[in-house]
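Chain residues, written in single-letter form:
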Amino acid sequence: MPEPDIADTLVAFLNADGIPGKRPVHAWGIGASGVFVPSPVAGSFCIADHFQEKLPEGYPKKPQVVSVTVRFSNGSGSRQNDGAAGPHDGWSDVRGMATRFHLGDGSATDLIAMSLPEFFTPTPETFLDFARDALPRPFRRETPWQKLRDMLHLTLPLPDPYPGQVSRPDDGAMDYADRNRSAQLAVFQAASIGAPVSYVRATYHAVHTFFVIAPDGTRRGVRFIWQPIAGALNIDLRDPAQQDKVTRPYLQQELRDRLAKGPARFSLMMMIGETGDDFDDSTRPWPPHRVRVMMGTLTLDTVIDCEHLSFNPLLLTRGIEPSGDPILAVREWAYQKSSQVRGGVPCPFSQR
Ligand code: HEM
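Note that this is a predicted model, so its numbers are computed, not measured.

Each value, and the rule that gives it
- Residues numbered from 1 in each chain as written.
- Predicted model: local features only at pLDDT ≥ 70, side-chain atom pairs only at ≥ 80, totals over all residues.
- Heavy atoms only, no water.
- Helix = DSSP H or I, 4+ residues; strand = E, 2+ residues; numbered from the N terminus.
- Rg over C-alpha atoms; globule rule 2.2 N^0.38 Å.
- Buried < 20%, exposed > 50% of the residue type's maximum accessible area, 1.4 Å probe, protein only.
- Contact = heavy atoms within 4.5 Å.
- Areas by Shrake-Rupley, 256 points an atom, 1.4 Å probe, with all protein chains shown as cover.
- Lys, Arg positive; Asp, Glu negative; His and termini not counted.
- Charge placed at Lys NZ, Arg CZ, Asp CG, Glu CD.
- Near = heavy atom within 4 Å.
- Polar contact = N/O pair within 3.5 Å; in protein donor to acceptor, adjacent residues only side chain to side chain.
- Nonpolar A, V, L, I, M, F, W, Y, C, P; charged D, E, K, R; others polar.
- Core = buried A, V, L, I, M, F, W, Y, C linked by side-chain atoms within 4.5 Å.
- Donors = N, O, S within 2.8 Å, 3.2 Å for Na, K, Ca; no water.
- Expected span 1.5 Å × (residues − 1).
- Bend = angle between axes of the 7 residues up to and from the residue.
- Phe/Tyr/Trp six-rings, centres within 6.5 Å; stacked < 30°, edge-to-face > 60°.
- Lys NZ or Arg CZ within 6 Å of the ring centre and 35° of its normal.
- Salt bridge = Lys/Arg side-chain N within 4 Å of Asp/Glu carboxyl O.

Chemist: Mind laying out the overall build of the protein chain, listing which residues take part and the relevant values?
Modeler: For the protein chain, the count of helices and strands is eight helices and twelve strands. Since a compact globule built from 352 residues should have a radius of gyration of about 20 Å, the 20 Å found for the protein chain is in line with a globular shape. Each principal axis of the C-alpha atoms in the protein chain carries an extent, and together these give about 70 × 50 × 45 Å. A burial count over the protein chain gives 51% of its 352 residues as buried. A separation of at least 24 residues holds for 75% of the contacts in the protein chain among residues at least 6 apart in sequence. Element-wise, carbon and sulfur atoms account for 57% of the exposed surface of the protein chain, whose accessible area totals about 16400 Å². Here the protein chain carries 37 positive and 40 negative side-chain charges, and the mean point of each set is 4 Å from the other.

What follows is the structure, encoded as structure tokens:
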């Protein structure tokens, strides 16, 4: 199916039963603004403007500070019938971090990341199958005996429902993963990902491979990761002091309170792929010992409203190119379509 067509099908599917005007996934979020300062080595790996310590002739001759807009989000959608309506911050869920770098010439480039290192499926068509199978099913609560039986069968016992939770996507996702090996890593990681104490205490992965172009023309396949400088930390529901977090939203207020006291920081790490690493399939991990280069530091200091903004993973800039990953290609269209449907501010891109 051509990309725009499958993108339309995916967006229509994800939007079914959603709340009009909200994103069909990553529906609950909050914005923040701040600056990105490239590291001294970033410019020797990539010629993109935001990785240059100093800008070319004609720009101010001082270390570059790039202004950024970030939207943090919970991965769940706005479907009203799956128990996900409302931001269930304390529930286990993937989180998102969409970053827009505002470049010196007035253009922009986006980096969209989530707290899972790999994606669920290798192609848009298989993602549609996965999304259909992973529709939330009524919650099945296991008795202590069933949990014991699971353990004897070397199967993970099902978690108990959170207060108010009536359905969950994990059963369908697990069934899909049983039949499709490529989904297993992401599905198992997603099922046990937990909830962060703060949006700025999670690690976010841009998942796909991009090619970065160095000043000497070298083209490297890379994967980007935002690493929180304060470290990643989840809530611990065994701690009685934290148990109320499953019944009330806390992540947005936590960010407001935190940034009112001082900035939050992330390092942008760039993992360099080697021969044999898969560049076009984001279900496939790379070996963990691949070289990682520190590309710069993001400092966030102000909460802003950016719910109407539209990010796009293919809003790239000179020096950063897409890989042949078919999921990355379809996202260009899916995000534009979704933005039109929800009445978002079109991304600069859609004027092409
Ligand atoms: C075929 C695969 C995918 C489809 C169809 C898809 C679809 C969507 C759609 C329709 C939106 C809402 C866009 C809007 O209304 O502005 C969205 C948002 C988002 N997606 Fe995906 N997505 C896919 C894969 C991914 C992957 C691989 C990642 C991680 C890198 C990701 C991370 C996000 C994030 C963080 C947001 C929220 C962006 C924001 O804050 O505006 N998605 N996705």
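Chemist: Help me get a handle on the site of the ligand, residues and values and all.
Modeler: Within the structure, the ligand sits among 26 residues, and Arg 23, Arg 71, Tyr 335, Ser 338 and Arg 342 are positioned closest to it. In the environment of the ligand, a nitrogen atom lies 2.7 Å from a nitrogen or oxygen atom belonging to the side chain of Tyr 335. Contributions of two or more residues to the shell around the ligand are made by α1 (3-15), β3 (95-102), β4 (108-114) and α8 (326-342). For the shell around the ligand, the element with the highest residue contribution is α8, accounting for six residues. Here the shell around the ligand is built from residues that sort into 17 nonpolar, five polar and four charged.

Chemist: How would you summarise the side chain of Thr 283 if you had to cite specific residues and measurements?
Modeler: Along the chain, the position of Thr 283 falls in the loop between β10 (264-272) and β11 (292-304). Taking the relative accessible area as the measure of exposure, Thr 283 reaches 5% and is therefore buried. Reaching out from Thr 283, the side chain makes a polar contact with the side chain of Asp 281 at a distance of 2.7 Å. Sequence-distant contacts of Thr 283, that is, excluding residues within four places in its chain, are made with Glu 118, Phe 119, Phe 120, Thr 121, Pro 122, Ser 182 and Leu 185.

Chemist: Before we move on, can you summarise the nonpolar core with the specific residues and values?
Modeler: Residues Phe 51, Phe 72, Phe 224 and Trp 226 are the most contacted members of the largest nonpolar core, which totals 46 residues. In terms of residue count, the dominant contributor to this core is β10 (five residues). When near neighbours in sequence (up to four residues on either side) are disregarded, Phe 51 contacts Phe 36, Pro 38, Ala 42, Gly 43, Cys 46, Phe 224, Leu 268, Met 295 and Ile 320. The next biggest cluster of nonpolar side chains, apart from the first, holds 28 residues, and it includes Phe 119, Leu 128, Ile 327 and Ala 334.

Chemist: Which residues make up the coordination of the iron atom of the ligand, and what are the values?
Modeler: Just one protein atom donates to the iron atom of the ligand; it is Tyr 335 (OH), sitting 1.9 Å from the metal. With respect to the helices and strands, the residue Tyr 335 is situated in helix α8.

Chemist: Please give an account of α8 that cites residues and values.
Modeler: Look at α8: 24 Å from first C-alpha to last across 17 residues, which is about the 24 Å you get at 1.5 Å a residue. Remark: the principal bend of α8, roughly 25 degrees, maps to Glu 332. The secondary structure elements touched by the buried residues of α8 are α1, β4, α3 (124-133), β8 (210-213) and β12 (320-322). For α8, the side-chain oxygen to backbone nitrogen distance between the N-cap and Ile 327 is 2.9 Å, and the N-cap itself is Asp 325. Positive backbone phi, approximately 75 degrees, marks Gly 343, located one or two places after α8.

Chemist: Let's hear about unusual backbone geometry: which residues, and what values?
Modeler: The backbone of His 26 shows a phi angle near 50 degrees, a positive value even though the residue is not glycine. Structurally, the position occupied by His 26 is in the loop between α1 and β1 (29-38). Assessed through its relative accessible area of 22%, His 26 is described here as partly exposed.

Chemist: Any chance you could break down the packing of aromatic side chains for me, citing the residues and the numbers?
Modeler: In total, this model carries 19 aromatic pairs according to the counting rule given. Consider the rings of Phe 72 and Tyr 204, whose centres lie 5.9 Å apart with planes at 45 degrees: the pair is tilted. Taken together, the residues Phe 72 in strand β2 (residues 66-74) and Tyr 204 in strand β7 (residues 204-205) connect sequence positions 132 residues apart. The pair Phe 72 / Tyr 204 is uniform in exposure class, with both members buried. Grouping aromatic residues by their ring pairs yields a cluster made of Phe 36, Phe 51, Phe 72, Phe 101, Tyr 199, Tyr 204, Phe 210, Phe 224, Trp 226 and Phe 266. The positively charged end of Arg 100 is found above the aromatic ring belonging to Phe 311, 5.2 Å away from the centroid. A cation sits over an aromatic face here: Lys 245 above Tyr 250, 5.3 Å from the ring centre.

Chemist: Tell me about the pattern of salt bridges, residues and numbers included.
Modeler: Should the charged atoms of two oppositely charged side chains come close, the side chains can pair. According to the stated counting rule, one finds 17 salt bridges in the structure shown. In this structure, Glu 307 and Arg 71 form a salt bridge, with 2.9 Å as the shortest nitrogen-oxygen distance. In this pair, Glu 307 sits in the loop between β11 and β12 while Arg 71 sits in strand β2, placing the two residues 236 residues apart along the sequence. In this structure, Asp 160 and Lys 147 form a salt bridge, with 3.1 Å as the shortest nitrogen-oxygen distance. One end of the pair, Asp 160, is in the loop between α4 (144-152) and β6 (167-168); the other, Lys 147, is in helix α4, and 13 residues separate them in sequence. Under the relative-accessibility criterion, Asp 160 is labelled partly exposed at 40%.

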